[in-house]
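# Coordinate analysis (summary)
So the chains spell out like this:
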Amino acid sequence: MRPLDGVRVLDFTWVVAGPVATRILADLGADVIKVERRGAADFGDRRGGLSGTLTRGKRSVVLDLNRPRGLDLARRLAAVSDVVIDNFSARVMSNLGLDYEELCRLRPDVICVRMTGFGLDGPYRDHVSYGPTLQALTGYTLLMAEPGAPPAGFGYSYSDLAGGNLGALAVLAALWHRRRTGRGQLVDLSQLEAVASLVGPTLLARALDGCASTPTGNASQEEPGAPHGVYPCAGEDRWLAISVFSDEDWARFARALGDPEWTGRFVSRAARLEHAAELDRLVAAWSRTQVAEEAMALLQTAGVAAGVVANAEDLCARDPQLAARGHFVEVPTPEGRTVRIDGPPFLLSDTPARVGGPGPLLGEHTDEVLGELLGCGEEELRALREEGVIG
Amino acid sequence: MPRCPPRPPASQESRSWGTGLGGGGRTSPGRQIELGRRLATNPKLRKLAAVVGRMRQQALALRKRPFERLSEEVFDVQLGRDLERLLPPELLALGHPLLRRDFARRLVEGRLLSYSLRGVDERGRGPMIVCLDGSGSMEGEKEIWSKAVALTLLEIARRQRRLFRFICFSSADTPLFTLDLNPRERHEVQEDRALDVAEYFPGGGTDFETPLTAALGCLGAARYRRGDIVLITDGECRARVGSALPGREEAPPVLALLRADRRRPELVRHAARALRPRHQRVPAHRRRRGRRLRPPLMAGALAGLRVLDLADQKGALAGKLLADLGADVVLVEPPGGGSPLRTIPPFWQGLPHPERSLFFWFYNTSKRGITLDVARPAGAALLRRLAADADVLIESEPPGRLATLGCGPEALRAANPRLVVASITPFGQRGPYCNWRASDTVAEAMGGMLFVNGHQAGPPLRAFGLQAYHQAGIFAAVGVLGALFARERTGRGQDVDVSLQAAVAGALEHVPGLWHQAGTVAARQGTLHWTRFFRVGRCRDGWVMHCTVGDWTSLVEWVKADGMAADLGDPPWEDVRHRATGAEHLFDVLDAWAARYTVDELVEGAQLRRIPYAAVRPPEGLLRDPHLAERGFFVPIGHPELGATVPYPGPPFHLTGAPWQISRRPPLLGEHDDEVYGRIGVTAAELATLREQAVV
């Protein structure tokens, strides 16, 4: 039994942010029906890899929404769905006649989730956006830099993951509200606002002090601490993140290193913070002689927060803790292969959320879904397929 | 530059009319002339145009304060001296030479008409329906002023992108004059329709039932389901507004705007109260002048859920997410210094103090606060009593620590089988690293985020903001709701195990996928996005995010027109995959081209061509962003102890039927000890003893 058993989601989402939201719903047991069009571009192997992790456990239906009969099928599916979700720009669903007002006619308690770049109103509602552009607008790109150096920013669209994971929360909250009151609603998720809401206390500070933000590199953004940052280790592109805050942390750190003489100058937090740059150089001189994993184990055993800066291989193939959690699962495909897919990061003790299946092939479930939910018979499905209405 | 000849008066008014009616400066010259002609021949219209222009100026001037939420809803009309919230007719009195003395007298007497605000951050609200009294008694100046009010409301509706229906009524046997002023998809107003509003005046008697019934009937249609009715009249309305419409929790708010009649000052309050549904009436002694009334009329989505929040910064966002969505979240802090977050900078006015930490404030909106030392047996016993009555407990102790205090999930569910326990730890409850420590940086490292950020030749760079903690908080909230759904069927709570490391891994885009698909180890490559379609470039005065996916033809034509396209006009570049493989050269060419532009010029030019460029700006750019201002993203919350109003970032998403709200400012240390402990039966004397013992 899974938490969202019996909940059906009609999923018009595409690219990243929308599918990230609905994959969590699928992990929780919802029947997520992904509406796609023929010839939709994707990232390659639909069963696993980049694509499979986004579409894990979902069913795929191909409909031609530009044809009246295709649109009618979509409307009939919406009428039997609890949630209808998309991440198109604001006009698309309105143009299709699938906006909230229309969906209410089909099902008065529908939960309609619109994940747009800028929201359903406001002067920028029609602007086009992608993850990196929203990250640029919200300050992440500029401030992820070493002090005095050009901006670096995220190497990927973190904003899509933020919007998607928050989108899953939004759907769950709306479903909970409906369970309590019987009413659905429109959910207006602006990905700009979603990722802006995660900037953190800096926005409060800037609103009040009127100062200019400056990049802090790898310095701590929680309590001040030193040494704190990313230190080079032996080998090619191997690094160790270390965080020392209190004097007790420092004493443990120094002891783990064998109490070298230079540590004597930094017993107080004030001294460590004042001479942080020098401290970083001394720690780096030590870390360069260390294999990252061994230094991590040494420090953690001594009670110091330290972690290898994991690359993809570290993360997916070598990390024993993620393996112990079953974070990456081997998922069998109907073709007899197995694909490896990452699962939900939270574990429920009694009714687990889990990867429900591999990514679907394009249109893999069209007949199954239309037959099961709309009562379409074989003849009808064949005719629709010949006309190109379904795929 | 030659001086412009003085304009004739009619077209001066037509300009104020045009800009006052949502034309947005897009009125064609032909229409302007037509407007001018109509205005010139109708003296009433000329007067109205002047009044609308002035009123609009004054209304907008009042709204220019920073962080003013433009989507606040007018809740009640009252008499007072609150100059910040004068109704438009009062503004006009101020501007009128004959009425100025009357205004001054009523200011002294505290009898100016002002509105108080509901203060509910309600997005997606429906249209406005304005019912205007056109009966004989409204003739003359009242007609001008009341229509000016109606047209100013139209302007406000247009700015808020709300549909607007105008109903003019008089006696029962005069048909209602109804006009929809903006069609469904667009929020522009056609000037001649607004002029129709201005010119129509039926005169005769006054019947309120018909227009109000029509307005309510209008709300019954799906489009208007969540609209507001504004009634503008000088008469006393004894009409009873119908009972709640099906599908709505409460009857629609009806605001009565009355022009002050100096003989009947109580008319305003009476009519407003009479038109407000019974259960919403707040007795006068509980109404606060000029300040927001609480609680909101619509409960949050998670109203009724009771949450105990023992988490430190690793899990603080989880409680905030649930609290802002309406759950009753009680933050449990150690006595003495309180939560460790209270020591983390920045501080209000730069002075470190447990009640001044902006870091603490950000993560603790909408929560109540108590103190409790759970490490003491008496404290653990109190926690068990509190948990007996709760739906959810959130904690971030090292795995097993609460169990050693007799407050582990089994112990707590022995007394309350329905309790959901969410635990947020660096690596999870079990496994080889489960007792290891992590900061946000270490979690980002171990979760695979750090490695792919930063320049190729430089070190890996951590995220801006505590994103490992934030993702863990989001997944904890998701897991809690999942557990609550399961509880509906099983009747039992369960444990939610959130790992910072796994949460970071669940916030990656390409790292695991590329590895599993092709054995590729994603590397960092500065601002060049892993898809190779985005890269940061320099402009004259800053940085811009270039984008090569989207309307390629428009971009190339633009660059070509500037003579900087190099080989980008060649056909191979039209293929998006070629643009990815050739990204380095492509962006180098674009860098050279963009260097001549300022950031604003480049972004404006790009957005006009539907190319998604964006300014690379600091977070404080959000504070000045006009789009976010109109969306009401920043929410001012009062901290009365400091005499301050602080703008907080707003909702991560809008549940339009159950609005997000910061229901209270972050708690003072132990602020709600009395009420929370009182509720579980701790007497005042017992509480005093517990305080002496520093258990509380």
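Placed above this text is the structure.
Here is a short report on the structure shown in this document. Note that the coordinates shown come from a computational prediction; the quantities given were computed from them, not determined experimentally.

Turning our eyes to something else, we now look at the packing of helix H10 (residues 316–324) of chain B against helix H16 (residues 467–490) of chain B. Residues and elements named next belong to chain B. Viewed as axis vectors pointing N to C, H10 and H16 meet at an angle of 50°, and their least axial separation amounts to 7 Å. Compared by their axis directions, H10 and H16 come out oblique. Where H10 crosses over H16, the two elements pack in a sense that is right-handed. Across the interface between the two elements, Leu317, Ala318, Leu321 and Leu322 from H10 touch His470, Gly473, Ile474, Ala476, Ala477 and Val480 from H16.

Time to look at the side chain of Thr351(A). Assignment of secondary structure puts Thr351(A) in the loop between strand S12 (346–348) and helix H17 (366–374). Within the structure, the side chain of Thr351(A) is placed 2.9 Å from the side chain of Gln494(B), a separation counted as a polar contact. Aside from chain neighbours lying at most four places away, what touches Thr351(A) is Met1(A), Pro3(A), Ala486(B) and Gln494(B).

Our focus in this paragraph is the packing of aromatic side chains. The relative placement of two aromatic rings is captured by the distance of their centres and the angle of their planes. Applying the stated rule across the entire model yields 22 aromatic pairs over all chains. Between Phe118(A) and Tyr124(A), the ring centres sit 5.9 Å apart and the planes meet at 90°, which makes this aromatic pair edge-to-face. Between Phe154(A) and Tyr158(A), the aromatic rings sit 4.8 Å apart at their centres with planes inclined by 15°, giving stacked as the arrangement. Judged on exposure class, the residue Phe154(A) and its partner Tyr158(A) are both buried. Above the face of the Phe362(B) ring, Lys320(B) is positioned so that its terminal group lies 5.3 Å from the ring centre. Directly above the aromatic system of Phe451(B) lies the positively charged group of Arg524(B), at a separation of 5.5 Å from the ring centroid.

With mixed pairing, seven strands are arranged side by side in an open sheet as S12(A)-S13(B)-S12(B)-S11(B)-S8(B)-S9(B)-S10(B). In this open sheet, the two strands that pair with only one neighbour each are S12 of chain A together with strand S10 (368–371) of chain B. Across the sheet, the mean angle separating the axes of adjacent strands is 20° when strand polarity is ignored. With three bridges connecting them, strand S8 (residues 306–309) of chain B and strand S11 (residues 392–395) of chain B associate as parallel partners. Across the sheet, Asp309(B) pairs through a bridge with Ile394(B), a residue of S11(B).

Turning our eyes to something else, we now look at the interface of chain B and chain A. Counting residues at the interface gives 147 residues for chain B and 141 residues for chain A. A combined buried area of about 13000 Å² lies between chain B and chain A, and 65% of that area is made up of carbon and sulfur atoms. Sorting the residues of chain B by area buried against chain A places Arg437(B), Phe464(B) and Phe485(B) first, and these three jointly supply 7% of that buried surface. Viewed at the interface, chain A and chain B are joined by seven salt bridges. Note that Asp249(A) and Arg437(B) form a salt bridge whose closest N and O atoms lie 2.9 Å from each other. In this assembly, chain B and chain A are joined by 54 residue pairs in polar contact (both at pLDDT 80 or more). The element contributing the most residues to the side of chain B that touches chain A is H16(B), with 18 residues. When grouped by side-chain class, the residues that make up the side of chain B that touches chain A number 86 nonpolar, 40 polar and 21 charged. With two bridges joining them, strand S6 (residues 185–190) of chain A and strand S19 (residues 654–655) of chain B adopt antiparallel strand pairing.

Bringing the pattern of salt bridges into the picture now. All told, the structure shown has 66 salt bridges over all chains when counted by the stated rule. Residue Asp588(B) is joined to Arg535(B) by a salt bridge in which the shortest nitrogen-to-oxygen separation is 2.9 Å. Of the two residues, Asp588(B) is situated in helix H21 (residues 583–594) and Arg535(B) in strand S14 (residues 534–539); the sequence distance between them amounts to 53 residues. Accessibility expressed as a relative area gives 44% for Asp588(B), which makes it partly exposed. According to the relative accessible area criterion, Arg535(B) is buried, its value standing at 15%. Residues joined by salt bridges that share partners form a network here, namely Arg8(A), Asp31(A), Arg59(A), Glu368(A) and Glu372(A).

Residue and element names in this part refer to chain B. Most of strand S3 (residues 128–133) sits out of view: six of its six residues are buried. Residues Met128, Val130 and Leu132 point to one face of S3 and Ile129, Cys131 and Asp133 to the other, with burial holding for every one of them. The pairing of S3 with strand S4 (residues 164–169) spans six bridges and is parallel. Along S4, the bridge assignment pairs Ile129 with Arg165. By the bridge criterion, five bridges tie S3 to strand S6 (residues 228–233) in an arrangement that is parallel. Looking across to S6, one finds that Ile129 is bridged to Ile229.

On to the side chain of His639(B), then. In this fold, His639(B) is placed in strand S17 (residues 635–639). Take His639(B): its relative accessible area is 2%, and that puts it in the buried class.

Residues and elements named next belong to chain A. The strand order S7-S8-S9 describes an open sheet built from three strands, whose pairing is antiparallel. With partners counted over all chains shown, the strands left at the sheet margins are strand S7 (228–232) and strand S9 (305–308), one partner each. Within this sheet the neighbouring strands show an average axis-to-axis angle of 20°, counted without direction. As judged from the four bridges shared by strand S8 (residues 239–243) and S9, these two strands associate in the antiparallel manner. Bridge pairing links Ala241 to Gly307 in S9. Running over the sheet, helix H13 (residues 276–287) touches S7 and S8 and is turned about 40° from S7.

Rules and cut-offs
Residues numbered from 1 in each chain as written. Chains lettered and ligands numbered in written order. Predicted model: local features only at pLDDT ≥ 70, side-chain atom pairs only at ≥ 80, totals over all residues. Heavy atoms only, no water. Axes fitted to C-alpha atoms, helices over the stretch in contact; angles between N-to-C directions. Helix = DSSP H or I, 4+ residues; strand = E, 2+ residues; numbered from the N terminus. Parallel < 35°, antiparallel > 145°, perpendicular 65-115°, else oblique. Left-handed = near helix turned anticlockwise from the far one by under 90°. Contact = heavy atoms within 4.5 Å. Polar contact = N/O pair within 3.5 Å; in protein donor to acceptor, adjacent residues only side chain to side chain. Phe/Tyr/Trp six-rings, centres within 6.5 Å; stacked < 30°, edge-to-face > 60°. Buried < 20%, exposed > 50% of the residue type's maximum accessible area, 1.4 Å probe, protein only. Lys NZ or Arg CZ within 6 Å of the ring centre and 35° of its normal. Pairing = 2+ DSSP bridges. Buried area = accessible area lost by both parts, 1.4 Å probe. Salt bridge = Lys/Arg side-chain N within 4 Å of Asp/Glu carboxyl O. Nonpolar A, V, L, I, M, F, W, Y, C, P; charged D, E, K, R; others polar.

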